[in-house]
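Take a look at the letters that make up each chain.
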Amino acid sequence: MAATTFSTEPLELAARILAMAEAAGAEQADAVAVTSTNASTTVRLQKLEKVSESTARSVGLRVILGGRQATVSTSDVSDAALDEAVRTAMELAQISEHDPFAGLADPGMQARSEPQLALFDEQIPELDGDHRLGQALACEQSALDADARISNSGGATFSTSVSSFALVDTNGFSGTYADTSASMWVEVMAQEDDGQMRNAGWSTSERSLHRLDDAADVGREAAARALRQLGAAKATTCEVPVVWEPRMAAGLAGIVSGAASGEALYRRATFLAEREQEEIASPLLTIVDDGRLSGRLGSRPFDGEGVVTRRNALIESGVFQGFLFDSYNARRLDAASTGSAWRSVGGLPQIGSGNLSIEAGETSPERIIADIEDGLYLTTLMGFGVNYTTGDFSRGAAGIWIRNGELAEPVQEINVSGNLLEMLGRIDAVGSDAQWFGATSAPTLRMSRMTVSGA
């Protein structure tokens, strides 16, 4: 399959090592190769702090011999190094444990044409250090100018990446694509009257420059988030409505995606086991994983096994639709790949999502808040208190208390807790304000009640 790339080297490199593996006797094999150029500029308090530019290339090989598989990788692409990598992979495969499910993807599911996904912005490779520096300075300056109480900065960074990925296998699949990304991040501190500091950051990341948020807007948002923490206190333990701001709702989508992994299903380590086609959430909730959205960070023409990417509904109007699979876990569970394999150069395919989206509703975020007499507007979650097997959820949190339909005082050092099935079922409002955060889009969500307690 042909593709437009900034370099043909990855495809040539992957094909080279695959041919060597076939000559060495590999029954099945696939090879991945990546080249990337990354650059970033960081400033702090309007002074240049760090400049980083790097170019890397690497290749990985998987060989399968009678159900025994092994992977190797190298950044040395000389003939001698590739020959050594092939010999090592063959030796490791011969002593590996037999796995009846090991194998390449079904050739009939692999991509044979190239969709136009707008993954490459021709402007990004042309950006120079002066542009990165100017964007980082403008972002930080906007935050520092927002309010006199913004007294310090953790710095601002503007970064770009240009990469090319290639995959070939003994099925006859051959595919390659190039992509770009740009990102900007800033962190600042607001000072309390007693001298205590409250820090907050904000960022933007996209495939193309024209979608990237304006540098000044990113800085002002970081400052606003730091300022709204001033005077924060603990909340008393209660059960109240909780409004999840879009960024927090995006994290909730990621939790659902993790629970919908076919590997978690095989291990019986998900609260979604045996719930396919069952209503598990509010009918207001729809979550979709789509690897083919134009210009988005989670898009690609094929997955880490060459399987065509596609739209996978996880929850549709409250009904759980099914799990995400790579080929290996699909074989273990007598299912089919959903085009959800991700592949690093040095590892086996792993299940992951493409672009996650919680579909927007029809209610404005202002209306969602206005209907609450007493509740929490959730802006921060901390820790790892999610039990994917039982669905129990308990995380450190911070936010703004809602009183009589308006945002009131900030709160911190609290916990929010519940069970994910109950939480999803208690969503009683979905906002019209969906926003993208990297490869995830989400609107404001409201849950009719959760337990909020002082940490």
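Residues numbered from 1 in each chain as written. Predicted model: local features only at pLDDT ≥ 70, side-chain atom pairs only at ≥ 80, totals over all residues. Heavy atoms only, no water.

Describing the overall build of the protein chain
Then comes step 1: The number of helices and strands found in the protein chain is nine helices and 20 strands.
Then comes step 2: Over its C-alpha atoms the protein chain spans a radius of gyration of 24 Å, differing by no more than 12% from the 23 Å that the globule rule assigns to 455 residues.
Then comes step 3: Its C-alpha atoms give the protein chain principal-axis dimensions of roughly 70 × 55 × 35 Å.
Then comes step 4: Relative to all contacts within the protein chain whose residues are 6 or more apart in sequence, the contacts with residues 24 or more apart total 73%.
Then comes step 5: On the protein chain, roughly 19,000 Å² of surface is accessible, and the fraction owed to carbon and sulfur atoms is 46%. (Helix = DSSP H or I, 4+ residues; strand = E, 2+ residues; numbered from the N terminus. Rg over C-alpha atoms; globule rule 2.2 N^0.38 Å. Contact = heavy atoms within 4.5 Å. Areas by Shrake-Rupley, 256 points an atom, 1.4 Å probe, with all protein chains shown as cover.)

Thoughts on the sheet that holds strand β6 (residues 197-206)
Then comes step 1: Read from one edge of the open sheet, six strands run β3-β2-β1-β4-β5-β6, paired in antiparallel fashion. Across the chains shown, the open sheet's two edge strands, defined by having one partner strand only, are β3 (68-74) and β6. With direction set aside, neighbouring strand axes in the sheet form an average angle of 20°.
Then comes step 2: As paired strands, strand β4 (residues 150-169) and strand β5 (residues 174-191) are joined by 17 bridges and run antiparallel to one another. Bridging across to β5, Leu167 finds its partner in Gly175.
Then comes step 3: The strands touched by helix α1 (residues 9-23) are β1 (28-44), β2 (47-65), β4 and β5; relative to β1, the strand with the most contacts, the crossing angle is about 145°. (Pairing = 2+ DSSP bridges. Axes fitted to C-alpha atoms, helices over the stretch in contact; angles between N-to-C directions.)

Quick notes on the packing of α1 against helix α2 (residues 79-95)
Each packed pair of helices is defined by two parameters, the angle between the axes and the distance between the axes.
Then comes step 1: Relative to each other, α1 and α2 sit at 50°, their axes nearing to 9 Å. When the axes of α1 and α2 are compared, the pair comes out oblique. Where α1 crosses over α2, the two elements pack in a sense that is right-handed. Between α1, through Leu13, Arg16, Ile17, Met20 and Ala21, and α2, the contact on the second element is made entirely by Asp79, Leu82, Asp83, Ala85 and Val86.
Then comes step 2: Of the residues contributing to the contact of α1 with α2, the split by class is seven nonpolar, no polar and three charged. (Parallel < 35°, antiparallel > 145°, perpendicular 65-115°, else oblique. Left-handed = near helix turned anticlockwise from the far one by under 90°. Nonpolar A, V, L, I, M, F, W, Y, C, P; charged D, E, K, R; others polar.)

Quick look at the sheet that holds strand β19 (residues 440-442)
Then comes step 1: As summarised here, the arrangement of the six strands in space is β10-β9-β8-β13-β19-β18, forming an open sheet in which the pairing is mixed. In this open sheet, the two strands that pair with only one neighbour each are β10 (319-320) and β18 (435-437).
Then comes step 2: Across two bridges, the pairing between strand β13 (residues 355-358) and β19 is parallel. Across the sheet, residue Ser357 finds its bridge partner in β19, namely Ser441.

Notes on the pairing of β13
Then comes step 1: Across the two faces of β13 the burial is the same, with Asn355 and Ser357 and Leu356 and Ile358 all buried.
Then comes step 2: Bridging between strand β8 (residues 287-290) and β13 involves four bridges; their strand directions are antiparallel. Bridging across to β13, Val288 finds its partner in Ser357. (Buried < 20%, exposed > 50% of the residue type's maximum accessible area, 1.4 Å probe, protein only.)

Focus on empty space enclosed by the protein
Then comes step 1: Following the criterion strictly, the structure yields one cavity of 30 Å³ or more and no others.
Then comes step 2: Computed from the structure, the largest cavity encloses a volume of approximately 60 Å³.
Then comes step 3: If you trace the largest cavity, you find 13 residues lining it, with Asp289, Gly291, Arg300, Gly339 and Gly354 closest to the centre. (1 Å grid on protein atoms, 1.4 Å probe; cavity = no way out; pocket = protein on both sides within 12 Å on 5 of 7 lines; lining within 4 Å. Points joined across faces, edges and corners; volume = space filled by probe spheres on them.)

Considering the domain arrangement of the protein chain
Then comes step 1: Splitting the protein chain by domain gives domain 1 (9-226) and domain 2 (232-455).
Then comes step 2: For domain 1 and domain 2, the distance between their C-alpha centroids amounts to 24 Å.
Then comes step 3: Contact with domain 1, which involves 41 residues of that partner, is made by 38 residues of domain 2.
Then comes step 4: Counting the surface lost from both domain 1 and domain 2, the interface buries some 3,200 Å², and carbon and sulfur atoms represent 57% of this.
Then comes step 5: Linking domain 1 with domain 2 are three salt bridges.
Then comes step 6: Between Arg296 and Glu206 there is a salt bridge, and its shortest N-O distance comes to 3.1 Å.
Then comes step 7: Where domain 1 meets domain 2, there are 16 residue pairs in polar contact (both at pLDDT 80 or more).
Then comes step 8: Here the residues of the side of domain 1 that touches domain 2 are counted per class, giving 19 nonpolar, twelve polar and ten charged. (Domains from an automatic or database assignment. Buried area = accessible area lost by both parts, 1.4 Å probe. Salt bridge = Lys/Arg side-chain N within 4 Å of Asp/Glu carboxyl O. Polar contact = N/O pair within 3.5 Å; in protein donor to acceptor, adjacent residues only side chain to side chain.)

A word on the packing of aromatic side chains
Then comes step 1: Per the counting criterion, the structure on display carries seven aromatic pairs.
Then comes step 2: With 5.1 Å between their ring centres and 75° between their planes, Phe173 and Phe302 make a pair best called edge-to-face. Of this pair, Phe173 sits in the loop between β4 and β5 while Phe302 sits in the loop between β8 and β9 (311-316); the two residues are 129 residues apart in sequence, bridging distant segments of the chain.
Then comes step 3: Between Trp244 and Phe393 the ring centres are 6.1 Å apart and the planes differ by 50°, which places this aromatic pair in the tilted class. On the criterion of sequence distance, the pair formed by Trp244 in strand β7 (residues 238-244) and Phe393 in strand β15 (residues 392-403) is long-range, its members being 149 residues apart.
Then comes step 4: Grouped by ring-pair contacts, the aromatic residues Phe165, Phe173, Tyr177 and Phe302 constitute a single cluster.
Then comes step 5: Above the face of the Trp342 ring, Arg300 is positioned so that its terminal group lies 3.5 Å from the ring centre.
Then comes step 6: Across from the ring centre of Tyr266, 3.7 Å away, lies the NZ or CZ of Arg332, which sits over that ring. (Phe/Tyr/Trp six-rings, centres within 6.5 Å; stacked < 30°, edge-to-face > 60°. Lys NZ or Arg CZ within 6 Å of the ring centre and 35° of its normal.)

Comments concerning the pattern of salt bridges
Then comes step 1: All chains considered together, the criterion is met by 27 salt bridges.
Then comes step 2: Notably, a salt bridge pairs Asp83 with Arg87, separated by 3.2 Å at the nearest N-O pair. Linking Asp83 with Arg87, this pair stays in helix α2, spanning four residues, or about one helical turn.
Then comes step 3: Judged by its relative accessible area of 34%, Asp83 is partly exposed.
Then comes step 4: Overall, Arg87 belongs to the partly exposed group, its relative accessible area being 41%.
Then comes step 5: Across the pair Arg268 and Glu274 runs a salt bridge, and its minimum N-O distance is 2.8 Å.
Then comes step 6: Ionic contacts of the salt-bridge type, sharing partners, join the residues Glu221, Arg225, Arg228, Glu245 and Arg247 into one network.

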